[in-house]
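# Survey of secondary and tertiary structure
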Amino acid sequence: MQKTVTHLLGSIERELLNFRQSEKLYFVLGAVAIGLTIPLIASEYVVGEVLTPMIIFMIYASSWNLLAYSGQGSLGHAAFLGIGGFASALIVIKLSLPPVLGLLLGSLFSAAIGLLIGLVCVRLKAWFLAMVTFGFSVIIVTLISQFDAVIGGIMGFPTPLIVERGLPFYYATFALAAISIFVMYLLIKSKTGLAFRAIHENELEASMIGINIAKYKLIAFVLSTFFAGLAGGLYAQSIRYIQVSVFDPYYSFLPLMMAVIGGLRTIEGPIIGSAIIVTINSYLHRIDNVLHGLMSPLFPNVSNVGPPLRMLSLGLFLVIVVIFLPKGISSLLPKIRKYFSEETKKGG
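These figures come from a predicted structure and were not determined experimentally. Numbers given for residues are sequential positions, taken from 1 along each chain in its written order. pLDDT decides what is reported in this predicted model: residues at 70 or higher carry local features, side-chain atom pairs at 80 or more are listed and counted, and totals for whole chains, interfaces and linings draw on all residues regardless. As a rule here, side-chain values come from all non-hydrogen atoms in the structure, and water together with hydrogens is ignored.

## A short note on the pattern of salt bridges
Any two side chains of opposite charge can pair if their charged atoms end up close together. One side-chain nitrogen of Lys or Arg within 4 Å of one carboxyl oxygen of Asp or Glu is enough to make a salt bridge. Across all of its chains, the model carries 2 salt bridges by this definition. The residue Glu 203 makes a salt bridge to Lys 217 at a minimum N-O spacing of 2.6 Å. Of the two residues, Glu 203 sits in helix α10 (residues 203-208) while Lys 217 sits in helix α11 (residues 213-238), which places them 14 residues apart along the sequence. In this scheme, a residue with accessible area under 20% of its type's maximum is buried, one over 50% is exposed, and one in between is partly exposed, where area comes from a 1.4 Å probe on protein chains only. The exposure class of Lys 217 is buried, given its relative accessible area of 1%. A run of H or I in DSSP counts as a helix once it spans at least four residues, and a run of E counts as a strand once it spans at least two, with each numbered from the N terminus.

Following this line, the structure appears as structure tokens:
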């Protein structure tokens, strides 16, 4: 046991040294500085309705991205987002436990459900597994509806908070997101992460060199569902309410879009994608009345054209990124760094 812990600490020390020497250090320091300072000058609406959900969805999108590292996919990740949200809230309400403990137990419960599904389905190819997860998200909605008398998911209920809303909740969420993403970074850079990448590249060759495909896929799946559950618990607290709508397919496609737009199988990709999509979603609704006035003559039977057009705009944005930036917006970061480096040298 002591040897294992020593090896783990040694691996972490090596990764920290490599990270300090990498160019991504500047991206991380910049992101952390922005994340810590902007809330101090932003309005209450921006902190509560834009920045806090943005941070939460960074965890959620990163959890989906973790699956992609191991060559897996999920079209029903909202199931684990919702399970984490419902479980963390119900544990606190029914058992009178502290909200922080409820958040942890809710995440573990989501991971436990992920383990059960993974044991049965993890040998499936990527998109067959994705279809199974999508079906599971539909089953979960049915189960919660059937047991509504116990769960209260159809009408929903208020969620207990780990800290008060506003800046305290934002900074608590920021800390949990930083820890979660850093843990995922260490995992991806470890021997386990190397196995994930080998499986993604070629399962047959990975198995021929002794990698246990099912074992590592299961590890990725369970860890992904844990962090999705954590995001679900935080999201339920951020909106102060949890109901069955959290299992909507929209929430299953969000992390996929965020990861692809930002940069699939990169640490910074889900962070960038989450920031972009949450910002778009947070401000596009303000032009709903204008859109309704312009589009109602064309769509007289649609009472509110805003939400469909917002989805259309996100879809178009995704298509444009996939066509012109197939590696995501994060692929522009080296070019931007190179440009500023050259400009600095010229100025010097």
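Continuing now.
## Here we look at the packing of helix α3 (residues 44-69) against α11
Interaxial angles span 0 to 180 degrees and are taken between N-to-C directions of axes, which are lines fitted to C-alpha atoms, for helices over the stretch in contact. In the contact formed by α3 and α11, the axes pass within 8 Å of each other and the chain directions differ by 165 degrees. As the angle between them shows, α3 and α11 are arranged roughly antiparallel. Between α3 and α11 lies a crossing of left-handed hand. For the pair formed by α3 and α11, the contact residues are Thr 52, Ile 56, Phe 57, Ile 59, Tyr 60, Ser 63, Trp 64, Leu 66 and Leu 67 on the first element and Ala 220, Phe 221, Leu 223, Ser 224, Phe 227, Ala 228, Ala 231, Leu 234, Tyr 235 and Ser 238 on the second. Considering only residue class, the contact of α3 with α11 consists of 15 nonpolar, 4 polar and no charged. Any angle between 65 and 115 degrees counts as roughly perpendicular, while under 35 counts as roughly parallel, over 145 as roughly antiparallel, and the rest as oblique. By convention the crossing between two helices is left-handed if the near helix lies anticlockwise of the far one by an angle smaller than a right angle, and right-handed if it lies clockwise. Contacts between residues were defined by any pair of non-hydrogen atoms, one from each residue, lying within 4.5 Å. Just so you know the grouping, Ala, Val, Leu, Ile, Met, Phe, Trp, Tyr, Cys and Pro go in nonpolar, Asp, Glu, Lys and Arg go in charged, and all remaining residues, Gly too, go in polar.

## A word on the packing of aromatic side chains
Aromatic pairs are defined between Phe, Tyr and Trp rings, using the six-membered ring for Trp, whenever the two ring centres lie within 6.5 Å; interplanar angles under 30 degrees are classed as stacked, those over 60 as edge-to-face, and all others as tilted. Applying the stated rule across the entire model yields 13 aromatic pairs. With 5.2 Å between their ring centres and 80 degrees between their planes, Phe 226 and Phe 227 make a pair best called edge-to-face. As far as the burial class goes, Phe 226 and Phe 227 line up, both buried. Residues Tyr 250 and Tyr 251 carry aromatic rings whose centres are separated by 5.3 Å and whose planes lie at 75 degrees to one another, so their mutual orientation is edge-to-face.

Fair warning: the whole summary comes from geometry, so function is off the table for now.
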